[in-house]
Amino acid sequence: MTRQLANATLAILLAAGARAAVPPAPAGAPGKHADDSCIGCHAKLDDVRLRKPAELATADIHHAQGISCAGCHGGDPTSGDPTVAMDPRKGFVGKFAPRAIPEMCGSCHSNAAYMLRYAPNIPTDQLSQYRTSKHGLALAKGATDVAVCSSCHGAHGVRPPSDARSPVYPTRVVDTCARCHADVALMNRYGIKGNEVEEYKKSVHYAALTEKNDLSAPTCKSCHGAHGATPPGVDSVANVCGTCHVSQLERFDLSPHKDAFTAMDQPACEACHSNHAIGHPQDSWIGVADKQVCGACHSAGDAGAVAAATISGALSKAAASEAAVRERVGRVKRAGMLMDAADIKLEEAHQSYVMAEVEIHTVTVARVEKQTQAVLAATSAADKDAAAAEAEIRFRRTGLFVSLAVIAVAMVTLALKIRSMER
Amino acid sequence: MRALDKLWQALDERLELDPIVEFVAHKVVPRHRHSWAYYFGGFTMFFFFVQVATGILLLLYYRPTAEAAFESVQFIVTRVPFGWLVRSVHSWSANLMILSAFAHMFSVYFMGSYAKPRELTWWSGFALLGLAMGFGFSGYLLPWNQLSFFATQVGTDMVSKVPFAGAWLLKFLRGGNEVTGATLTRFFGFHVAVLPMLTALLLAGHLAFIQRQGMHVPASLEEEAKKRKPIRFVPNFMLREGVVWLLGLAALAALAAFFPWELGIKADPFSSAPAGIKPEWYFLFMFETLKLLPAHLLGIEGELLGLGAFALGGLVWFLVPVLDRGGRVGRRSRAFLALGWVVLAYIVGFTFASFAGVFK
């Protein structure tokens, strides 16, 4: 049996022939069971596979809400007699087949009225989304090595996704997906490379998630969907990225690249930024030379290459200006001057610079230059502040030397006076 | 000159100034190999005068509220003409004043000048040093920056350890349970009204005692002092003191110009305490000692025990004129001399070790 199935394992059925394909949908909602013999008995069993579910149950969100084992497995939990408690005639199902799991979970989670009683704020379309996902479609075709609900959420000890210990919590979901998607042999069977997670871990998104602990940073599910997981097609890549990078998408839509990429069947953002190993964009990417992204379509001398060179030049000038003034302001600060006004201007310069980088997506020289001009104007103003502060430092030092000279003269005069008096 | 003479005559007729003139004309300062120690008191007073003058100038722009304090200091140092100089001189002068006061105290101690009949001078000086440290503690918070905010939180928290009255004292100092704008307002009140008033009164007393009793000459230097011609107070000693004061002024100008006092970043009560919070340097020896103490010692809270020990140590130091019986007849005990060196070594050692990062 595959790893996926192992993940989906619930309790091993003691009764023979109980691998029912589909569990009977609960007649109405599963009720709360005050008298529950399942955990009591299973917790005492020697076989760890049978004992583990009982041990995990106490941490399970369902258990905490009063939904006991029978809520999923059926049977009669009020009976202490195993043959009665796990009687298939009473709806008992032991270990679920993978195909049965989405339907079983969906029997409650797709029931909006029922979910209102427990978690009114969570969606109830997981099952319908799952059916459209790559996982769900493959499952429907008979594949048994695809992810079902328990593959990601766990079978027992299910925690809400907001719980940091949940396998689908943002910082853990990547490794949860990796359990299958890093298995090259398994992925190759589905025409997937299997290096996607490894690539993703090189990205700025993963760095934001793990180094800055930014839980809003995109993980696998942010772009591929969670329950409806599927790779975004060429025509939807821009929309996926644009969910967060709204301004860049707006600019891209205005650019001549939009129609050109569509005509060339190029995935919008991915064409320049790649997909999983998305690095921090560098201004040095712009151009048609080796390792520069424009060169993929443009050649030296064409209109695109000329525009790229102009944009690159404007950005470099602005970046150099910002760096130089920042350095000068820093030097003045180290000399003890308060440079808050210059800092604000430098912040404005940086904002304009970021906007220039956003405007690159329009590939319109005038729009980029408008922002780089704003950068130069702000850095020039900050530079004037730095120059004034340097002049002030010189004034203070000159003032100090004049004062010290006056004080020294006064001291000498006093000393001479004392000497003449005491002679 | 005739006008001045007439004015003097008029005043003399009314106030009988002759005895004062007589007193001043005959006032002398003994001359011996440790006469330099006599300048520290006046040097401390010079920095106090600088504090008063620069403090008044800062008052013209400073606003003592949590919302405006930081911005007003920022305004002073960036927009007000020579505001940077006034603020920087105020901060540096405060530190030099305390340094000079410590030097004055230890020189007095080692010369045994605290002994009878000068107990009152010692006690008033002790209280003046306490007030100076109070000035420092209250003034530290006034710019309302991150470091001073959290250092004040730690500092005021110590009074809560005082048995019985701790909770009340903490509330009194902070104006509530936490360091807030209310704390700033009352620290401002202490800094510009209560402490200056007490200092002025005590300083007047301290100076009056010195004038009345004259400078003390240690027994071991009496012979030398008798042999050498004393320095006339007016104008010789005053002019010499003037040279020293000018030296202090030059030091202040250089420090303010080359090392302007930092402002830091505005206090944010909701942020976590920044790393490396430290009080002003003159509290470091106590701060580091308290940090070294274990949480509990002999069944008592370590910090409480430490504060108790400091209180006891302070009391012994205060009562030295009474405890050092030999000092009254010019034969001070070796034990008290040793105590002075131990205390000096402890304060200097811990302060430098703290700056060197030994206690990190």
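A quick note: this is a predicted structure, and the numbers were derived from the prediction, not measured. (Residues numbered from 1 in each chain as written. Chains lettered and ligands numbered in written order. Predicted model: local features only at pLDDT ≥ 70, side-chain atom pairs only at ≥ 80, totals over all residues.)

We now examine the overall build of chain A. For chain A, the helix and strand inventory stands at 23 helices and 0 strands. Residue burial in chain A is summarised as follows: out of 423 residues, 29% are buried. In chain A, 63% of the contacts between residues at least 6 apart in sequence involve partners at least 24 apart. (Helix = DSSP H or I, 4+ residues; strand = E, 2+ residues; numbered from the N terminus. Buried ≥ 20, exposed ≤ 12 C-beta atoms within 10 Å, placed from the backbone. Contact = placed C-beta atoms within 7 Å.)

Now for the overall build of chain B. A tally of helices and strands in chain B yields 15 helices and 4 strands. Counting over 360 residues, chain B shows a buried share of 33%. Counted over contacts in chain B with a minimum sequence separation of 6, partners at least 24 positions apart contribute 77%.

So, on to helix H11 (residues 233-258) of chain B. Taking 1.5 Å of rise per residue, 26 residues should cover 38 Å, and H11(B) covers 36 Å from first to last C-alpha, within 8% of that figure. Here the buried face of H11(B) lies against helix H23 (365-422) of chain A together with strand E1 (28-29), helix H3 (39-59), helix H5 (83-110) and strand E2 (231-232) of chain B. (Expected span 1.5 Å × (residues − 1).)

Counting residues in each nonpolar core, the largest one holds 64 residues, and the members touching the most others are Val89(B), Met97(B), Trp144(B), Leu252(B) and Ala256(B). A per-element tally of this core places H5(B) first, with 13 residues. Ignoring anything within four residues of it in the chain, the contact list for Leu252(B) reads Val50(B), Val89(B), Trp92(B) and Ser93(B). Counting residues in each nonpolar core, the second largest holds 28 residues, with Ala85(A), Met104(A), Val146(A) and Tyr200(A) among its members. (Core = buried A, V, L, I, M, F, W, Y, C linked by C-beta atoms within 7 Å.)

Before going further, it helps to spend a moment on the interface of chain B and chain A. The interface of chain B with chain A comprises 17 residues on the first partner and 16 residues on the second. At the level of secondary structure, the elements contributing two or more residues to the side of chain B that touches chain A comprise helix H4 (69-78) and H11 of chain B. Top contributing element to the side of chain B that touches chain A by residue count: H11(B), with 11 residues. Split by residue class, the side of chain B that touches chain A holds 12 nonpolar, 4 polar and 1 charged. (Nonpolar A, V, L, I, M, F, W, Y, C, P; charged D, E, K, R; others polar.)

Model confidence for chain B is summarised by a mean pLDDT of 92, while 99% of its residues fall at 70 or above. Both confidence scores are given for the complex: pTM 0.68, ipTM 0.82. (pLDDT = per-residue confidence, 0-100.)

On to the packing of helix H21 (residues 303-334) of chain A against helix H22 (residues 340-359) of chain A. Residue and element names in this part refer to chain A. Contact geometry for H21 and H22: axes closest at 11 Å, N-to-C directions at 160°. Classified by the angle between their axes, H21 and H22 sit roughly antiparallel to one another. As H21 runs across H22, the sense of the crossing is left-handed. Listed contacts from H22 to Leu315, Ala318, Ala319, Glu322, Val325, Arg326 and Val329 of H21 are Ala342, Leu346, Ala349, His350, Tyr353 and Ala356. Each residue belonging to the contact of H21 with H22 can be placed in one class, and the counts come to 10 nonpolar, 1 polar and 2 charged. (Axes fitted to C-alpha atoms, helices over the stretch in contact; angles between N-to-C directions. Parallel < 35°, antiparallel > 145°, perpendicular 65-115°, else oblique. Left-handed = near helix turned anticlockwise from the far one by under 90°.)

One can expect most non-glycine residues to show negative phi and most peptide bonds to be in trans. All names here are of chain B. For the bond from Lys116 to Pro117, the omega torsion is 15°, close enough to zero to count as cis. For the bond from Val234 to Pro235, the omega torsion is 5°, close enough to zero to count as cis. Along the chain, Pro235 falls in helix H11.

Time to look at the confidence of the model for chain A. Residues and elements named next belong to chain A. Put simply, chain A has an average pLDDT of 87, and 92% of its residues get 70 or more. Within chain A, the lowest mean pLDDT, 39, falls on helix H1 (residues 3-8), and the highest, 96, falls on H22. Here residues 1-34 is a poorly scored stretch, pLDDT under 50, and it has 78 contacts once near neighbours within four places are set aside; other chains count.

On to the environment of Ala289(A). All names here are of chain A. Residue position: Ala289 is located in the loop between helix H20 (268-273) and H21. Assessed through the 13 C-beta atoms surrounding it within 10 Å, Ala289 is described here as partly exposed. Spatially, the C-alpha atom of Ala289 lies 8.1 Å from that of Ala300, the residues being 11 residues apart in sequence.

By secondary structure assignment, the location of Thr144(A) is in the loop between helix H10 (134-140) and helix H11 (149-153). Classification of Thr144(A) as partly exposed rests on a count of 15 C-beta atoms within 10 Å.

Residue and element names in this part refer to chain A. Within the secondary structure layout, His135 lies in helix H10. Owing to 24 C-beta atoms within 10 Å, His135 belongs among the buried residues under this scheme. In this structure, the C-alpha to C-alpha distance between His135 and Thr230, residues 95 residues apart in sequence, is 8.1 Å. Beyond its immediate sequence surroundings of up to four residues, His135 is in contact with Tyr130, Val146, Ala147 and Ala229.

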